[in-house]
Amino acid sequence: MRPIRTIFTHLSKHERIALFFFVFLLAAGAAGGITDFINTGTELAPVRGGSWAEGIVGAPSIVNPVFSSSEADQALSLLVYGSFDRLLDALEEEQGGAYVATLKENLFWSDGKPLTADDVVWTVEAIQNPDMRSPLFKNWQGIGVERLRELQVKFTLPSPYVFFKDNLRRLQIVPKHAWDGVSRDSARFSRYSLEPVGSGPFKVKRIARHQDGSVESYRLEQNPYFPGEKPYLKSFSVNFYKDERTLLKAFHAGTIYGFGSALPPDDDGSVSRGTVEKMPMSRYYAVFWNAGKNPALKDKDLRLALDRAAPRTEMKEKIFGGNATIIEGPAVYGDRLLSDARDAFDLAAAKEFFAVSDEEDTTITLTVPAAGFLTETAEILKKRWEEIGIREVAIRALSPDEVFEAVRSDDYEAILFGNILENPRDLFSFWHSSQRGYPGLNLAHYASPEADALMEEIRGTGNEETQNAKLQSLELIIAGNSPAIFLYSVPFFYVHEERLGGFDVSRVVSAPADRFRNVSEWYVIRERVIKSK
């Protein structure tokens, strides 16, 4: 240092200023080079670690994808069971409508027991058993399943079905050793209903309960036997709440980091932090007529009048704050999920029907699941229908189990219900004449040879342009018969802290729990790394 100090003392004032300026430029250049390198030569990349806490309204009862119908059960199932495509080594199509699926070697359940073709066969046969009342029944009825070898299964289709591979890849396999011999009625009493053994990215570590024994939360940890890419998140918690108010309170307190909602959660300013994602859902809501229970509904002109008295725009604005899509038919896909169809509301035309008809003594009982936005929809319909001349509209709000029983026993005159389309171009399960009556889901008991032929042809072609053309013809036929009042499709809203990465907001979901299908790619920690060339 002394030689440098000696040189510095011999410099003139102007030389010292020049030296300082030179050193400054040198340092600035070095800093700029480092900054440029950071900006152009490195990138932020996800790293493993951290945890996530999700909030859900409700509580789990049977965490088993064969039975699961509530959001709580379905969410935990996707986190714990995973999907069949993670287990699949090869899928070969044979002549005559058969597929042979070969499983990967060395597959294990989270309890360490082997996962084999026997588990696949048991799962499919359980879904196909009407007594199990599986929500997946519609996708698997009539399909033969056979064990060929320990890791090989054959599926035989009764007719061409281009959507089969999609259904297969989404399928969640259940362990036979845990569920063999368990019926639907006894499932709630099985220890595995709340302590599931799966093959998904996470497994159960701890369950916390309230004093009354109901589940308060699940603490999940990574499943060491998961056959896919190891999740970024080290742990995952799911907390359950009695209502949306307590869930929002937990979110603002930082107890949970994300939650889903069927309604826009920020319209009233109730969400003051985080990011709100809006995802299209391939699900629509409609009123399905059952003329066999109310003969007045056999009159097509009456059904048209009721359709014209359904104020879809009013529902969209009043119930959803504009966050819904008006529909005019049963096919919801692509732009139809985003752009409104024509609102057929015409109260004056609806009143004209009653002015010249003898239907003034008509009554209608409208069955509806006891869910907030659906009961609101029912109240709006009741008001408008009575306004045009229906003597009385009785609203019958039922629990999920009661709705199922009403559908199973065909005990409804009209039902306000939502149809979930895992494959948006496949309307077979809801509108083909073979699906009338339980366990089918043709709630309107609709029958048309022309429509049947089109649905079968759509199932037999993999060309989307051809499918779309046939769908347009199919919708014209269905709309011309007025078997239902098609109302709206609603998106799914996901609220989360901004630090969450890897969440796929572009994907169309068919159910709220579908947000977890890529959960192994979620991350909350990022580090700067050198870009790979």
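What you see is a predicted model, and the numbers here were worked out from it, not measured in a lab.

## Examining the packing of aromatic side chains
Piece 1. Scanning the model with the defined rule gives 30 aromatic pairs in all.
Piece 2. Summarising the aromatic geometry, the rings of Trp289 and Trp385 are spaced 5.7 Å apart at their centres and angled 40 degrees between planes, so their arrangement reads as tilted. Residue Trp289 is found in strand β12 (residues 283–289), and its partner Trp385 is found in helix α12 (residues 372–388); the two are separated by 96 residues along the sequence. Like Trp289, the residue Trp385 is buried in the burial classification.
Piece 3. Taken together, the ring pairs in this structure connect Trp52, Phe202, Phe236, Tyr257, Tyr494, Phe503, Phe516 and Trp522 into an aromatic cluster.
Piece 4. Over the face of the ring belonging to Tyr192 we find Arg191, whose NZ or CZ atom lies 4.8 Å from the ring centre.
Piece 5. The residue whose ring lies beneath Arg459 is Tyr161, and the NZ or CZ to ring-centre distance is 4.2 Å.

## Here we look at the confidence of the model for the protein chain
Piece 1. For the protein chain, mean pLDDT is 89; residues scoring 70 or higher make up 90% of the total.
Piece 2. Per-element mean pLDDT across the protein chain ranges from 54 in helix α1 (residues 2–9) up to 98 in strand β9 (residues 235–241).

## Observations concerning the pairing of strand β2 (residues 51–57)
Piece 1. Most of β2 is tucked away: five of the seven residues are buried.
Piece 2. Pairing analysis gives seven bridges linking β2 to β9, with the strands arranged parallel. Bridge assignment links Glu54 to a residue of β9, and that residue is Val238.
Piece 3. Sheet analysis places β2 next to strand β10 (residues 258–261), joined by two bridges and oriented parallel. Counted as the bridge partner of Glu54 is Gly258 from β10.

Calculation rules
- Residues numbered from 1 in each chain as written.
- Predicted model: local features only at pLDDT ≥ 70, side-chain atom pairs only at ≥ 80, totals over all residues.
- Heavy atoms only, no water.
- Phe/Tyr/Trp six-rings, centres within 6.5 Å; stacked < 30°, edge-to-face > 60°.
- Helix = DSSP H or I, 4+ residues; strand = E, 2+ residues; numbered from the N terminus.
- Buried < 20%, exposed > 50% of the residue type's maximum accessible area, 1.4 Å probe, protein only.
- Lys NZ or Arg CZ within 6 Å of the ring centre and 35° of its normal.
- pLDDT = per-residue confidence, 0-100.
- Pairing = 2+ DSSP bridges.

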